[in-house]
Amino acid sequence: MPRQPRRRSYDQHCAAARALDLVGDRWTLLVVRELLAGPRRYTDLHADLPGVSTDMLAGRLKDMEGAELVTRRRLPPPASASVYELTPRGRDLLPVLRTLAAWGAPDLGEPRPTDAVRAHWYAIPLLGALAELGAGVVQVTLDEGEFHVRIGADGAVAYGDGAVDAPDARLRTDAATCRALAAGELTLGEAVESGRAVLERPAPVVAPA
């Protein structure tokens, strides 16, 4: 049996309440958002979760380990660092975050003066639009940075922070266009046609006859 998190339970025999027992605390789902992009060191997590205290982050990670949403492992030399990564149970939260992002996208608006921005935070809202490109790896470049999305032949999607070697497509756009795509105000095809996004697909290498 997994250890229960330290937070108090709602003590309701309800699937939604039980789920909130595990992921309803402040910062928990945002930790999941970061780890869906791949294993992260504690310092990297803290850097990409501006506003969270070190004590709060450590406590959330401990709770998530106890709930078997997150595991910690040591990287081999020369890295010799510990990283946190999601368990399969933790990765199952991707559809939850996609639905939550879709629900919140219409209220996103322009960044407030106090808002931090990271490029990979746009990955989840764009997964549906990018999946229309078909199977492969899409690298997305914004002024704020880069991230990539992997689309499986079965339509399954995953994302990672940063650039990737030899992507199948490269998309350059801006945060405002990302927000419009996420809110359903614009399709990817319309964004490209209007010049708000530039999509490049490397030409396939043809073997000599």
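Please refer to the structure placed before this passage.
Criteria and cut-off values
- Residues numbered from 1 in each chain as written.
- Predicted model: local features only at pLDDT ≥ 70, side-chain atom pairs only at ≥ 80, totals over all residues.
- Heavy atoms only, no water.
- Core = buried A, V, L, I, M, F, W, Y, C linked by side-chain atoms within 4.5 Å.
- Buried < 20%, exposed > 50% of the residue type's maximum accessible area, 1.4 Å probe, protein only.
- Helix = DSSP H or I, 4+ residues; strand = E, 2+ residues; numbered from the N terminus.
- Contact = heavy atoms within 4.5 Å.
- Pairing = 2+ DSSP bridges.
- Axes fitted to C-alpha atoms, helices over the stretch in contact; angles between N-to-C directions.
- Parallel < 35°, antiparallel > 145°, perpendicular 65-115°, else oblique.
- Nonpolar A, V, L, I, M, F, W, Y, C, P; charged D, E, K, R; others polar.

Enquirer: Break down the nonpolar core for me, with residues and values.
Expert: Judged by nonpolar contacts, the single largest core of 48 residues is most densely connected at Leu36, Leu130, Val138, Phe147 and Tyr159. Broken down by element, this core gets its largest block of residues, five residues, from helix α7 (residues 123-131). Residues contacting phenylalanine 147, with those up to four places away along its chain left out, are Ala119, His120, Tyr122, Ala123, Leu126, Val138, Gln139, Val140, Leu142, Gly160, Asp161 and Gly162.

Enquirer: Hey, could you go over helix α1 (residues 15-23) for me, with residue numbers and the actual values?
Expert: Turning to α1, its buried residues are Ala17, Asp21 and Val23. Tucked into the core, α1 has its buried residues touching α2 (28-35).

Enquirer: Give me the pairing of strand β4 (residues 145-151): which residues, what numbers.
Expert: Looking at chain direction, strand β3 (residues 136-142) and β4 are connected through seven bridges and run antiparallel. Residue pairing for β4: leucine 142 is matched across the bridge by glycine 145. Pairing of β4 with strand β5 (residues 157-161), which is carried by five bridges, proceeds in the antiparallel orientation. When the bridges of β5 are listed, phenylalanine 147 appears paired with aspartate 161. In this antiparallel pair of consecutive strands, β4 and β5, the connection spans five residues, and glycine 155 shows a positive phi of 90 degrees.

Enquirer: Requested: an account of the packing of α2 against helix α4 (residues 54-66), with residues and values cited.
Expert: For the pair α2 and α4, interaxial distance at closest approach is 10 Å and the crossing angle is 80 degrees. The orientation of α2 relative to α4 falls into the category roughly perpendicular. Across the interface between the two elements, Thr28, Val31 and Val32 from α2 touch Leu57, Arg60, Leu61 and Met64 from α4. Looking at the contact of α2 with α4 residue by residue, the class counts come to five nonpolar, one polar and one charged.

Enquirer: Tell me what's going on with the sheet that holds strand β6 (residues 169-172), and back it up with residues and numbers.
Expert: In spatial order, the strands read β5-β4-β3-β6-β7; together these five strands make up an open sheet with mixed pairing. Each edge of the open sheet is held by one strand with a lone partner, namely β5 and β7 (198-200). On average, each strand axis in the sheet is tilted by 20 degrees relative to the strand beside it, whichever way the strands run. Against the sheet, α7 touches β3, β4, β5 and β6, its axis set at about 50 degrees to β4.

That is the geometry; function is a separate question.
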